[in-house]
Amino acid sequence: MRTVNEVSKLTGVSVRTLHHYDAIDLLKPTKITEAGYRLYDDKALRRLQNILMFRELEFPLKQIQLILDSPKFDQKEALEQQIQLLELRRKHLDKLISFAREIQKGGVNKMNFNVFDKTQIEQYSEEVKKKWGSTKAYEEYEQKIKGKSDEECNMIANQLLCLFAEMGSLRKCSPEEEKVQEKIKELQAFITQNYYNCTDEILNGLGQMYVCDERMKKNIDKAGGDGTAEFVKQAVCIYCKDREI
């Protein structure tokens, strides 16, 4: 068994991130001592290794959780898929490096936008996600976006960012104020309407992810201003806690 600090030193994953993985049920410690120390066994470390591999392949945390918790998940097959994706990425990088050297030798006027095409990588990633991500929430999400055009999907995504912008405008308020909590209720309803049934448990996990997932944090802060992601997380936490009473 290793402590959270030992796991952090071994893997390079920060203690804060490990705590977040525990909070969203992505990586639970094997045991928690009476003193409150998290302990991890080899099985937990293997799961963490899988998480890190999928993160290297730029899979979102929620998607990784869906994959690893799928009853159909097969470690051997998943590893083969990971290798395939890594090889596709290596080929893509090799092309970019070769193109950069051509520019270096031939001058900056040389143009070739085909080398930036990542369609093959993205298509294979989607195949992997669909194969393992067949949970109720994922299937519901698939049903909701079925038949929607890219334009419609982008419109929904922009509406979500507008919600975060509105929450960002309330950052000077206390996250427990009624108008802030109303916005969280609106956020939950929006996710349920456009993506999947956003239970309080799922909403709470999303709130944590808004801060710990750097890409999500950056997008939310861009929409609502610096500190919006953290503000939303706090408001979500209060919202979910109050509804437990």
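Above this text sits the structure in question.
What this report covers is the structure whose coordinates are included nearby. What you see is a predicted model, and the numbers here were worked out from it, not measured in a lab.

Looking now at the sheet that holds strand β1 (residues 2-3). The sheet built from three strands is open, its strands ordered β1-β3-β2 with antiparallel pairing. One side of each edge strand has no neighbouring strand; the edge strands of this open sheet are β1 and β2 (31-32). Bridge count for β1 against strand β3 (residues 38-40) is two bridges, and the pairing is antiparallel. Residue pairing in the sheet places R2 in a bridge with Y40 of β3.

Further remarks concern unusual backbone geometry. For D25, which is not a glycine, the phi torsion comes out positive at approximately 65°. Position of D25 among the secondary structure elements: in the loop between α2 (15-23) and β2.

The next point concerns the packing of aromatic side chains. The geometry of an aromatic ring pair comes down to the distance between the two centres and the angle between the two planes. The final tally for this structure, using the stated rule, is three aromatic pairs. When the ring of F54 is compared with that of F59, the centres are 5.1 Å apart and the planes differ by 50°; the resulting orientation is tilted. F59 shares its class with F54; the two are buried.

Calculation criteria
Numbers given for residues are sequential positions, taken from 1 along each chain in its written order. Selection of residues for local features in this predicted model requires a pLDDT of at least 70, selection of side-chain atom pairs for listing and counting requires 80 or more, and totals for whole chains, interfaces and linings are taken over all residues. Here the side-chain values reflect all heavy atoms present in the structure, with hydrogen atoms and water set aside. Two strands are counted as paired when DSSP detects at least two bridges linking them. The helix and strand labels rest on DSSP assignments: H or I over at least four residues marks a helix, E over at least two residues marks a strand, and numbering proceeds from the N terminus. To pair, rings of Phe, Tyr and Trp, with the six-membered ring standing in for Trp, must have centres within 6.5 Å; the planes then decide the type, stacked if under 30 degrees apart, edge-to-face if over 60, and tilted in the middle. Each residue's exposure class comes from its accessible area (1.4 Å probe, protein chains only) as a fraction of the maximum for that residue type: buried when under 20%, exposed when over 50%, partly exposed otherwise.

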